Structures are given as C-alpha cells and as structure tokens.
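Results of the structural survey
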Amino acid sequence: MSKMWNPDLSVSAGPLYLAIAEAIASDVRSGRLRAGDRLPPQRELARRLDIDFTTVARGYVEARKRGLVDAHIGRGTFVLATPEAQLSILPIGTPDPKRQELIDLSMNLPPEPDDPDLIARMREGLSTVAANMVPLLRYQSFGGSAQDKEAASAWLSRRGLVPSQQRVFVTPGAHPAILAIFSMLAKPGQTILSENITYPGARSIAAQLRLHMHGLPMDEKGILPDAFSDACEKMAPKALYLNPTLQNPTTITIPEERRAEICAVARRFHVPIVEDDAYGFIPVHAPAPLATIAPDLVWHIGGLAKCIGAGLRLAYVVAPDTRAIWPFVSAMKASNVMASPLTVALATRWIEDGTADMILRFIRKETGARQAMAAEMLAPGSFKADPLSFNIWLPLSNGWTRSGLINHMRASGIGVLASDAFTVGGTPAEAARVCLGGPISRPQLRLGLEYLAHALEGSPEMASAFF
C-alpha cells in the first residue's frame, strides 16, 4: 500500500515531524501499515502534504529511531516486521537511550574502500602477514625493524623526505608521537604555539601536559609569520605545532613561500616545529614538508590514519637530529612500549606490494567525488574546502549559530562538529566542520548534505517552523 499512504497529521498537537512518526506508529498498530510496506518517497510525501521536505525527512528518521521502519539505500523506507519494533513506540518527548546518530558527519576520516578488487588485495596482504604470526606476538624493539624502517623511508620519500634510517621511527600513531614530543620540548606552564583554529587532539594533549597553547592568527595561507615572530619575542614559546597540508578543520594548505617564511622565523628564534603531516600524502602535488626546509628544527609526523586507515594506529616520525633520538625513544617507551607488530607488518607489506598506493588512489578518487557532491548541493561560496579534503569548513549566516545548527542536525540524526572544538583562543567563530568521509556511503552523505543545504537556505526560525 506504501506509496499511497497519506497520514493524518491533524490529530497531533506536537511538531509536524513527530506527528509523522506518530502517524506511522498509529497505522502500524491499526494494521493500516503492515510489515514490509514501503513508505512514500520523502519528497513525494512532502509535496502531497504541502509541508517542508526536511520535516518529512526528520519524521522518517524519528520513526527509524523508534524501530518502526528501516531505510535501504536505493530502495526506500520500509515498515519493520518485528514485534519489538511495534512495541517500541514512545510518547512524544520521551528520550530513547538507544537512539544513535544515523549519519555521522563529525569524524574526519578517509572514505572506506568498497572496491572488491582492492579489498581482496588488502585481505591477501593480511593473509601473508598472518602466515608468520607467532613472531609478531612477541615484544619488538621500539621504532621498527630494518625492514619496517625501509618501508617507512620509501613512503616518506614521496614527500621529498630522505632522512637516515637512524632518525626514522615507526610509532603507534600520531597522538602518542605528539604527546612524547610535547613532553620533551615543554614543561608544565610553558607555551606551545599553534594555529588559532587547530586540531582538537593537539589541544587535548597540551591540556593534559598542563601546557599553555597560544593560537596564532591566520589568513588564507595559514599562520601569519609576523604574528609568529611577535609571539616568539613576547612569549618565549617552546615549540610551534602545525597541521600544514589540508589543515583540519579549515582545509588550508600552507603554500611553499609561506612555509619558508615560517621556517625562517623559527630558525631566528630557535623554535622547534612539530609538523603534523596527517594529510600530506592526499594531494598528488602537495607543497614540500617543512622538514625539507628546516630539517634540523622540524619534528615530522607522517601518520597513516588519513592516507591508509586509522585502525592501523601507525605514524612515521622523523627526528630533527641524532641528539633528539634518545630523549624521544625514552618519552615514547614511557607510555607506549612499541607499535603493534601485527599492524606494522601489515603496513610494511602493503607499502612493499603496492596495496598502500591502491588505497591512496581510491581515497583520492572517492574524496574528489564527495567534494564535488558538496559543491553541487551547497550554495557557492558558502563554505571552505579543498577538492581533496575530507571535510568542509562552514561559516554560518542567516542568523544561524553553531549551537543552533548542531542541535538542528542532531535532532534528525546527523552529526556535525562546532568550531568550539578547534578554537585555541578567543570567542569561537560561528562555524562548523562537516565531514564527508568515513563509513557512510555516498547516498547517506547526499541525504545529510541535502538536509543541511535545505536548512541553510533560510533562517533557524524558518527551519524550526516546519517542526
């Protein structure tokens, strides 16, 4: 009966989206809707009822949260058959602890591979590693074996880095590496500089170590060299933390000329740079790392989370000189005895046999397609992005505040992240990060972006009026 279903919304005094969910519940109880029935497409029902599309979308999401329906990408929304679903109807306004966000656009992750040939290739590498598993269950020397360091050096060379293997370390992820480096360079109460809008993980690490993180003003090319110089004169910082390529969350890539200016200031004031190059492998022709400009000043962290997969929990670290090696090893071993030999072996295998390159090519292609989708669906000039960034940075207008947008999206099961998480100093801008990657599919992303675009077309009052 599906497509001709016409709910009576007049019997509910609550918001229209809840009235839709209640109508589904009522018609399930009465038998008017039966298990397996397909509900009308959201746009069709919105047109038929002369209400806003997002109201219907939110009503369907509410029904799904209650266990009344399930959505199948490309097929539609169907009434569920389980008795448990029919008994899970909640009165309007009753919170359901089992509810979860259905479209998570809050985590900045690469798109997950879905190509069967690529997945088969990845499994083949895993099988090869598993064939020699027993030795990988033992403790290993910190920093990786000669073979692992060779693979790391080969991978880093794509970014123009050619350090001696003595200065290359395989670590259990960028977070532990940043923690160890910060703890080496600064004591509690001392200052670390960063972009004023920066990666939340670095902020958390600085707070854990009781360091003062001071944010530097930025333009479309990254931090301002003059502001960096002034801070060096006035604050005697112990380090500068930067995420210079496809910066999270602004998607800015610092151009080569600005990188040289930053390194010149750092050299003048003898300030070490912690270069978190998490996204450096994503562009085909990214600017050279700061570590190639000032190798004796820069701690380079080439994480694999964004270019291969976060579950590996691996990062390749290049120390600025041999004197820094033992303090770094001591700091790392105090909190992390070693990287997991299993994931290290898998990463080495994938780099050696070309699987890592295949994954990287997939990520680039899929990220480009998702950015094109965002450009198609959102108003031109309304957001900041790079064709290969995993997210967009969304300054808000039309009266929208960051809290208003976050709550509006969350109410329909869509997660985005407010600027507060990224802001080092001052009042956070009215802005949000919207991520395009991770486990969500393209159809799911399209649905989330469609809902976002529709909300942003008008004011918060217009959006809430339909609910």
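First, a word on scope: everything that follows refers to the structure included in this document. (Residues numbered from 1 in each chain as written. Predicted model: local features only at pLDDT ≥ 70, side-chain atom pairs only at ≥ 80, totals over all residues. Heavy atoms only, no water.)

Side note on unusual backbone geometry
Condition: In this text, helices come from DSSP runs of H or I with a minimum length of four residues, and strands from runs of E with a minimum of two, each type numbered from the N-terminal end.
With an omega dihedral of 20 degrees, the bond running from Asn 248 to Pro 249 counts as a cis peptide bond. Relative to the assigned elements, Pro 249 resides in the loop between strand 9 (239-242) and helix 11 (256-269). One non-glycine residue, Leu 246, adopts positive backbone phi at about 50 degrees. Within the secondary structure, Leu 246 is located in the loop between strand 9 and helix 11. Its identity as a non-glycine residue notwithstanding, Arg 313 has a phi of 55 degrees, on the positive side.

A closer look at a nonpolar patch on the surface
To be explicit about the condition: Patches here are clusters of residues that have more than 30% relative accessible area and form no salt bridge, with a 9 Å joining cutoff for like charges and a 5 Å cutoff for nonpolar side chains (Val, Leu, Ile, Met, Phe, Trp, Tyr). For accessible areas, the Shrake-Rupley method is used with a probe of radius 1.4 Å. Any residue's cover is judged against the shown protein chains and nothing else. Each reported salt bridge corresponds to a side-chain nitrogen of Lys or Arg within 4 Å of a carboxyl oxygen of Asp or Glu.
A surface patch of nonpolar side chains, about 260 Å² in accessible area, is lined by Met 133, Leu 137 and Leu 342. Mapped onto the fold, Met 133 is located in helix 6 (residues 133-136).

Some words on helix 5 (residues 116-130)
To keep things clear, this is the line we draw: By this rule the span expected of a helix is its residue count minus one, scaled by 1.5 Å. Whether two residues touch is decided by their heavy atoms; if any such pair falls within 4.5 Å, the residues are in contact.
Relative to the 21 Å expected for 15 residues at 1.5 Å per residue, helix 5 spans 21 Å between its end C-alpha atoms, a close match to the ideal helical length. On its buried side, helix 5 packs onto helix 6, helix 14 (341-353) and helix 15 (355-377).

Topic: the sheet that holds strand 16 (residues 431-435)
Cut-off, in case you're wondering: A pair of strands counts as paired when DSSP detects no fewer than two bridges linking them.
What the 3 strands build is an open sheet, ordered 13-16-15; its pairing is antiparallel. Both edges of this open sheet fall to strand 13 (391-395) and strand 15 (417-418), since each of them pairs with a single strand only. Of the strand pairs in this sheet, strand 15 and strand 16 are connected by 2 bridges, and their pairing is antiparallel. By the bridge assignment for strand 16, Leu 417 is matched with Arg 433.

Comments concerning the packing of helix 10 (residues 225-235) against helix 11
We count it as follows: The axes used here are C-alpha line fits, helices contributing only the stretch in contact, and every angle between their N-to-C directions lies in the interval 0 to 180 degrees. Roughly parallel refers to an angle under 35 degrees, roughly antiparallel to one over 145, roughly perpendicular to one between 65 and 115, and oblique to any angle outside these ranges. For any pair of crossing helices, the crossing counts as left-handed if the nearer helix is rotated counterclockwise from the farther one by less than a right angle, and right-handed if it is rotated clockwise.
Two numbers describe how helix 10 lies on helix 11: the axes approach to 9 Å, and their chain directions differ by 15 degrees. Taken together, the axes of helix 10 and helix 11 are roughly parallel relative to one another. The element helix 10 and its partner helix 11 pack so that their crossing is right-handed. Here Pro 225, Phe 228, Ser 229, Cys 232 and Glu 233 of helix 10 lie close against helix 11, whose contacting residues are Arg 258, Glu 261, Ile 262, Val 265, Ala 266, Arg 268 and Phe 269.

As for the packing of aromatic side chains
The cut-off we apply is this: A pair of aromatic rings is counted whenever rings of Phe, Tyr or Trp (Trp by its six-membered ring) have centres within 6.5 Å, and the orientation is called stacked for planes under 30 degrees apart, edge-to-face for over 60 and tilted otherwise. Accessibility here uses a 1.4 Å probe with only protein chains present; expressed as a share of the type maximum, an area under 20% marks a residue as buried, one over 50% as exposed, and anything in between as partly exposed. Working rule: Lys NZ or Arg CZ, within 6 Å of ring centre, within 35 degrees of ring normal, means a charge sits over the ring.
Using the criterion set out here, one finds 8 aromatic pairs in the structure. Seen from their ring centres, Trp 393 and Phe 422 are 5.8 Å apart, and the 90 degrees between their planes marks the pair as edge-to-face. Of this pair, Trp 393 sits in strand 13 while Phe 422 sits in the loop between strand 15 and strand 16; the two residues are 29 residues apart in sequence, bridging distant segments of the chain. Side by side, Trp 393 and Phe 422 carry an identical accessibility label, which is buried. Three or more aromatic residues joined by ring pairs form one cluster here, namely Phe 142, Phe 169, Trp 299 and Phe 328. Over the ring of Phe 53 we find Arg 43; its NZ or CZ atom is 4.3 Å from the centre of that ring. Here the basic side chain of Arg 58 rests over the ring of Tyr 17, its NZ or CZ set 3.8 Å away from the ring centre.

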